[in-house]
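A look at the structure
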Amino acid sequence: MTGKYHIVTFGCQMNKADSERMAGILESMGYTPTEDVNEAKLVLYNTCSIRDNAEQKLYSYLGRQAKRKHAEPDLTLVVAGCVAQQEGEKLLRRVPEIDLVMGPQYANRLGELLEQVEQGRQVVATEEAYIEEDITKPRRQSQVTAWVNVIYGCNERCTYCIVPFVRGKEQSRTPEAIKREIEELAQRGYKEVTLLGQNIDAYGRDLPPGGIGKGVGGKITFTDLLYYIHDVEGIERIRFATSHPRYFSRRLIQACYELPKVCEHFHIPFQSGDNDILKAMARGYTRERYRQIIDQIRELMPDAAISADAIVGFPGETEEQFQHTIELVAEIGFDNVNTAAYSPRPGTPAALWANQIPEEVKDDRLQRLNHVVQQGAAKRSLRYRERVEEILIEGRQPKEPYPLMGRTRTNRITFIHSDREDLIGKLVKVKITEVRPFSLTGTLLHD
Ligand code: SAH
Ligand code: SF4
Ligand code: F3S
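Residues numbered from 1 in each chain as written. Chains lettered and ligands numbered in written order. Predicted model: local features only at pLDDT ≥ 70, side-chain atom pairs only at ≥ 80, totals over all residues. Heavy atoms only, no water.

**Remarks on the environment of L259**
- Considering the arrangement of structural elements, one finds L259 in the loop between helix 9 (250–258) and strand 12 (265–267).
- Overall, the relative accessible area of 9% leaves L259 in the buried class.
- Considering only alpha carbons, one finds L259 and I294, 35 residues apart in sequence, at a separation of 19 Å.
- L259 has contacts with L226, Y227 and H230, leaving out every residue within four places of it along the chain. (Helix = DSSP H or I, 4+ residues; strand = E, 2+ residues; numbered from the N terminus. Buried < 20%, exposed > 50% of the residue type's maximum accessible area, 1.4 Å probe, protein only. Contact = heavy atoms within 4.5 Å.)

**Regarding the domain arrangement of the chain**
- Per the domain assignment, the segments making up the chain are domain 1 (3–125), domain 2 (145–382) and domain 3 (385–444).
- Put simply, the middle of domain 1 and the middle of domain 3, counted by C-alpha atoms, are 35 Å apart. (Domains from an automatic or database assignment.)

**Quick notes on the site of ligand 3**
- In the vicinity of ligand 3, the contacting residues are C12, N15, C48, S49, I50, C82, R167 and Q198.
- Class assignment of the residues belonging to the shell around ligand 3 gives a composition of 4 nonpolar, 3 polar and 1 charged. (Near = heavy atom within 4 Å. Nonpolar A, V, L, I, M, F, W, Y, C, P; charged D, E, K, R; others polar.)

**A word on the pattern of salt bridges**
- Within the structure shown, the criterion is met by 40 salt bridges.
- Residue E72 pairs with R68 through a salt bridge whose shortest N-O separation is 3.1 Å.
- Accessibility expressed as a relative area gives 26% for E72, which makes it partly exposed.
- A salt bridge links E133 to R173; the shortest N-O distance between them is 2.9 Å. With E133 in the loop between strand 6 (123–125) and strand 7 (145–149) and R173 in the loop between strand 9 (171–172) and helix 7 (175–187), the pair connects residues that are 40 residues apart, well separated along the chain.
- We classify R173 as buried; its relative accessible area is 6%.
- Taken together, the shared-partner salt bridges in this structure form one network comprising D303, D335, R380, R383, R387, E389 and R412. (Salt bridge = Lys/Arg side-chain N within 4 Å of Asp/Glu carboxyl O.)

**Description of helix 2 (residues 52–71)**
- Taking 1.5 Å of rise per residue, 20 residues should cover 28 Å, and helix 2 covers 30 Å from first to last C-alpha, within 8% of that figure.
- Turning to helix 2, its buried residues are A54, E55, L58, Y59, L62, Q65, A66, R68 and K69.
- If you follow the buried residues of helix 2, they end up packed against strand 3 (42–47), strand 4 (76–81), helix 3 (82–87) and helix 4 (89–94). (Expected span 1.5 Å × (residues − 1).)

**Section: the pairing of strand 14 (residues 336–341)**
- Sheet topology places strand 13 (residues 305–312) next to strand 14; 6 bridges connect them, and they run parallel. Following the sheet pairing, A308 is matched in strand 14 by V337. (Pairing = 2+ DSSP bridges.)

**Observations regarding the site of ligand 1**
- If you check the shell around ligand 1, you find 15 residues, and the closest are Y160, Q198, Q271, D309 and S343.
- Residue composition of the shell around ligand 1, grouped by class: 7 nonpolar, 4 polar and 4 charged.

**Some thoughts on the state of the cysteines**
- For the structure shown, the criterion picks out 0 disulfides.
- No disulfide involves C263; its nearest neighbouring cysteine sulfur is the one of C256, lying 9.8 Å away.
- Overall, the relative accessible area of 2% leaves C263 in the buried class. (Disulfide = S-S within 2.5 Å.)

**Comments concerning the sheet that holds strand 1 (residues 4–9)**
- The 6 strands lie next to each other as 2-1-3-4-5-6, forming an open sheet whose pairing is parallel. Either end of the sheet is taken by a strand with one partner, and the two such strands are strand 2 (32–33) and strand 6.
- Relative to strand 2, strand 1 is paired through 2 bridges, and the arrangement is parallel. Note on strand 2: the bridge partner recorded for Y5 is P33.
- On the sheet, helix 2 packs against strand 1, strand 3 and strand 4 and is oriented at approximately 165° with respect to strand 3.
- Contacting strand 3, strand 4, strand 5 (100–102) and strand 6, helix 5 (residues 110–118) crosses the sheet at an angle of about 150° to strand 5. (Axes fitted to C-alpha atoms, helices over the stretch in contact; angles between N-to-C directions.)

**Digging into helix 8 (residues 222–229)**
- The buried fraction of helix 8 amounts to 6 of the 8 residues, a majority that puts the element mostly inside the structure.
- When helix 8 is considered as a whole, its buried residues turn out to be F222, T223, D224, L225, L226 and I229.
- The inward-facing, buried residues of helix 8 abut helix 7, strand 10 (192–196), strand 11 (237–241) and helix 9.

**Things to note about the nonpolar core**
- Ranked by size, the top nonpolar core spans 69 residues in total, and within it L195, L226, F240, F266, F270, Y290 and I297 carry the most contacts.
- If we skip the residues at most four places from it in the chain, I297 touches F248, I253, F266, I268, A304 and I306. (Core = buried A, V, L, I, M, F, W, Y, C linked by side-chain atoms within 4.5 Å.)

**Overview of the packing of aromatic side chains**
- Scanning the model with the defined rule gives 11 aromatic pairs in all.
- With a centroid separation of 5.6 Å and an interplanar angle of 55°, the aromatic rings of F10 and Y61 are classed as tilted. Taken together, the positions of F10 in the loop between strand 1 and helix 1 (13–28) and Y61 in helix 2 put the pair 51 residues apart, joining distant regions of the chain.
- Taking the relative accessible area as the measure of exposure, Y61 reaches 28% and is therefore partly exposed.
- Where Y160 meets F314, the ring centres are 6.3 Å apart and the plane angle is 85°; that geometry is what we call edge-to-face. One end of the pair, Y160, is in the loop between strand 8 (151–152) and helix 6 (163–167); the other, F314, is in the loop between strand 13 and helix 12 (319–332), with 154 residues separating them in the sequence.
- Three or more aromatic residues joined by ring pairs make a cluster, and in this case those are Y160, F314, Y342 and W353.
- Its end group placed over the ring of Y59, R94 keeps NZ or CZ at 3.5 Å from the ring centre.
- The residue whose ring lies beneath K179 is Y228, and the NZ or CZ to ring-centre distance is 4.3 Å. (Phe/Tyr/Trp six-rings, centres within 6.5 Å; stacked < 30°, edge-to-face > 60°. Lys NZ or Arg CZ within 6 Å of the ring centre and 35° of its normal.)

**A word on the packing of helix 11 (residues 287–300) against helix 12**
- Contact geometry of helix 11 with helix 12 gives a least axis separation of 12 Å together with a crossing angle of 10°. Here helix 11 lies roughly parallel to helix 12, going by the angle between them. Here R287, Y290, R291, I294 and R298 of helix 11 come into contact with helix 12, specifically with H324, E327, L328, E331 and I332.
- The residue makeup of the contact of helix 11 with helix 12, split by class, is 4 nonpolar, 1 polar and 5 charged. (Parallel < 35°, antiparallel > 145°, perpendicular 65-115°, else oblique.)

And the structure:
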């Protein structure tokens, strides 16, 4: 039973990477992609449960397709990802039209699960599972830049966060498997890889000691991994996310400085600028420690871009404590901060606390923080004006008159006055002519 498929992806880079793998599996089974959801014979929602609004959006999308299924009974409905893991069987009771509910650890096994569905069963796959090395070929969105998972899951217990419940225990891929994947990408013409982990600094802790490991007890660390994969020929840029301040090391900063392909961009979420809130979140660092990390980075790489995530309205947050977050953002000078109002998540400790903050207070703080973030980013962008930057051209963007789109090493999106499609996948020098808070515009130095 094949035909056209349509995937809707919510959430983070992990989910995007999983969707690419699942698309690869579907295509190896003979399915072909369609942009039009109503034309698809198989609709897959790869879901996110980090905040309630992401979850609610899923239900409204799903409702429409469930209705369509009454008129087209051969439509296959799949719910994958983090809401699938969180809700499991309950999803089937809520939307009985669903054929398959599968947690993130089953992304590689979509094929076998669909075979069970074809035998006429409704399937729920949410048991904790070991993630097998990928033998399928992902269908990647870009032909220039690719995600590469290095560690799955998260063993932290931040009191607001659902991720450990839905993504399971940490599981590192072996350095050999990671390098092999990067070599294959290079052979196929990819120029950039982004190494992914929810807490990438935890890489290697669960692997046996030995080999190239230089960490405690001879274990491999994320820093060792960077040295190990760095020289793959053809790959020009290496990025990684997400770093956790609790485990971020000086050795890692040194490695980023020494290794020419590792880009000067650090995504290090701080979540709050107040030490008591950080403690209640169980983050394991202070605002002072966070500032020290940024200082250490800037000592070696003064121009490095720093981005982060922050939450406002965590239970008990006072106006004064919120001001500490505002102060930290103003002091550091971030290139970008992803901000969010705290959203209570089922099964997480903070969701049960009595000192929840009213929605209107959270919204107001969010707006005020966004304003400071935007101002800070605009200021940071100024440094690019009139500068010549090395841009990796990723593709076209339909909005004329700047058809080419790429990024600086520091991850600023850059639009270029040129229609030279032959430059896609190439590193070019661009003179920056216009700056905005989160993007730049420029002209090719040698057209
Ligand atoms: N592993 C990363 C974050 C993954 S989740 C880290 O430790 O930093 C991505 C972001 O979503 C988090 O950084 C946090 O800012 C936000 N987030 C997570 N849980 C949330 C919640 N319950 N309410 C609001 N934002 C949340
Ligand atoms: Fe969530 Fe904390 Fe793990 Fe990040 S480190 S995924 S915020 S539990
Ligand atoms: Fe969302 Fe799951 Fe990522 S909850 S942020 S898709 S790990």
